[in-house]
Amino acid sequence: MTNNDPTSALDLSPLSVGDLLCTSQLTTDDIHRIFATARAVKHGREVHTQVLRHKRLAMIFEKDSLRTRFTFDIGMQDLGGTAVFMDHRDARLGSRESVKDVAKNLERWVHGIVARTFKHKTLDELATHADIPVINGLSDMVHPCQALADFFTLTEKWGELRGRTLTYVGDGNNTCHSLIHTAAKLGVHIRVCSPEGYEPNSRVVNEAMRTGATTGSEVTILNDPDAAAEGADAIYTDVWASMGQEDEIEERNGIFAAYQIDEDLMARAKPDAMFMHCLPAHRGWEVTQEVLDGPQSVVYDIAENRLHVQKAVMALLIR
Ligand code: CP
Ligand code: NVA
């Protein structure tokens, strides 16, 4: 008998986790399964499958978003489901009612939650109390969906990731933490270069170093951008002041001035090195216009891949 089930090509068996809160909680195999599923959905294999038909997603955002909001909403629709957005900027989760009660209500109506929060603890609490998957759409601590899309983009460009070197120059922030965790899981060497006092969280670095000892990934923290960029396969940066740090912008612009990615810094990396940024970007601050809009930049490929990777994450988590 011919198998006419178009979903049969996709392996949608569960991941080792029920939520996506931080890539440090995923196994290397989970990450490769997300990439394989993202590749399948990107290249059209799921077009008619409607794998999340009749499923509903709640999107609770305490902060602004373009990419995360659009890609989860569109991704859910592509897979046959619906998404309901709740803008929580004026009333943070836990202020009108407890995070527990939000979770206990939502689980009666929807099949998954994407939340963008200030405190990472809020996400942990949601996940503890909701009997449905909780996906981190960015917290002050980590940005897992971003890092998955970043490394998925690198697999498309490089094929094998192991042994490559990714250099991150800038603030040791949420994006940086997720790049460190994910690089360590995937056997990618990661160098992080920040001004003194703005280095990534030492717990993140120590955990990644332990993981790296088993995968062959070296995690290096340094303060000199020239040394960090030397011979790298890709250079990554993010804003100098993240959402919630707006009152530090002026001070940070001074402190980070020597950490801008310009053509001279890119020239220290490999000739075909990619320039990466999670966006939104500020031309003339953390990156020059020439680099952001130049031939080595893959920032819009990454933004596109947010959609494919998050569709994979939802297809693998939501039941
Ligand atoms: N990179 C990213 O998460 O973009 P948004 O803040 O626009 O969602
Ligand atoms: N570090 C940035 C990432 C935005 C996608 C922030 O938290 O604002």
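Now for a quick tour of the structure. (Residues numbered from 1 in each chain as written. Chains lettered and ligands numbered in written order. Predicted model: local features only at pLDDT ≥ 70, side-chain atom pairs only at ≥ 80, totals over all residues. Heavy atoms only, no water.)

**Some points on the environment of Gly137**
Locating Gly137 in the fold gives a position in the loop between β4 (134-136) and α5 (144-158). Taking relative accessible area as the criterion, Gly137 reaches 0% and is therefore assigned buried. With 69 residues separating them in the primary sequence, Gly137 and Thr68 have C-alpha atoms 6.6 Å apart. Ignoring any residue separated from it by four or fewer positions in sequence, one finds Gly137 in contact with Thr68, Val114, Ala115, Arg116 and His143. (Helix = DSSP H or I, 4+ residues; strand = E, 2+ residues; numbered from the N terminus. Buried < 20%, exposed > 50% of the residue type's maximum accessible area, 1.4 Å probe, protein only. Contact = heavy atoms within 4.5 Å.)

**Considering the pattern of salt bridges**
All chains considered together, the criterion is met by 15 salt bridges. Across the salt bridge formed by Lys121 and Glu125, the nearest N and O atoms sit 4.0 Å from each other. Residue Lys121 and its partner Glu125 are both found in helix α4 (residues 120-129); the two are separated by 4 residues, about one turn of the helix. The class of Glu125 is partly exposed, set by a relative accessible area of 29%. As a salt-bridge pair, Asp293 and Arg283 come within 2.8 Å of each other at their nearest N and O atoms. Taken together, the positions of Asp293 in the loop between α11 (289-292) and α12 (299-317) and Arg283 in the loop between β9 (274-277) and α11 put the pair 10 residues apart, joining distant regions of the chain. A relative accessible area of 42% means that Asp293 is categorised as partly exposed. On the basis of relative accessibility, which here comes to 39%, the residue Arg283 falls in the partly exposed class. (Salt bridge = Lys/Arg side-chain N within 4 Å of Asp/Glu carboxyl O.)

**Points about the sheet that holds β4**
Reading across from one edge, β2-β1-β3-β4 is the order of the 4 strands in this open sheet, with parallel pairing throughout. With one partner strand each, in any of the chains shown, β2 (82-87) and β4 form the two edges of the open sheet. Neighbour-to-neighbour, the strand axes of the sheet open up by a mean angle of 20 degrees, direction not taken into account. When strand β3 (residues 112-116) meets β4, the two strands line up parallel, connected through 3 bridges. (Pairing = 2+ DSSP bridges. Axes fitted to C-alpha atoms, helices over the stretch in contact; angles between N-to-C directions.)

**Side note on the site of ligand 1**
The environment of ligand 1 is made up of Ser65, Leu66, Arg67, Thr68, Arg116, His143, Gln146, Cys278, Leu279 and Arg306. Contacts to ligand 1 include Thr68, whose side-chain N or O atom sits 2.6 Å from an oxygen atom. Cys278 has a polar backbone atom sitting 2.9 Å from a nitrogen atom of ligand 1. Burial of ligand 1 by the surrounding chains reaches 96%, relative to a free accessible area of 260 Å². The site holding ligand 1 turns out to be the largest pocket. A breakdown of the residues in the shell around ligand 1 according to their chemical character gives 3 nonpolar, 4 polar and 3 charged. (Near = heavy atom within 4 Å. Polar contact = N/O pair within 3.5 Å; in protein donor to acceptor, adjacent residues only side chain to side chain. Areas by Shrake-Rupley, 256 points an atom, 1.4 Å probe, with all protein chains shown as cover. 1 Å grid on protein atoms, 1.4 Å probe; cavity = no way out; pocket = protein on both sides within 12 Å on 5 of 7 lines; lining within 4 Å. Sits in = over half its atoms within 2 Å of the grid points. Nonpolar A, V, L, I, M, F, W, Y, C, P; charged D, E, K, R; others polar.)

**Points about the site of ligand 2**
Around ligand 2, the surrounding shell consists of Leu138, His143, Asn173, Asn174, Thr175, Asp238, Val239, Ser242, Met243 and Leu279. In the environment of ligand 2, a nitrogen atom lies 2.7 Å from a nitrogen or oxygen atom belonging to the side chain of Asp238. Notes on ligand 2: free accessible area 270 Å², of which the protein chains cover 94%. The residue inventory of the shell around ligand 2, partitioned by class, reads 4 nonpolar, 5 polar and 1 charged.

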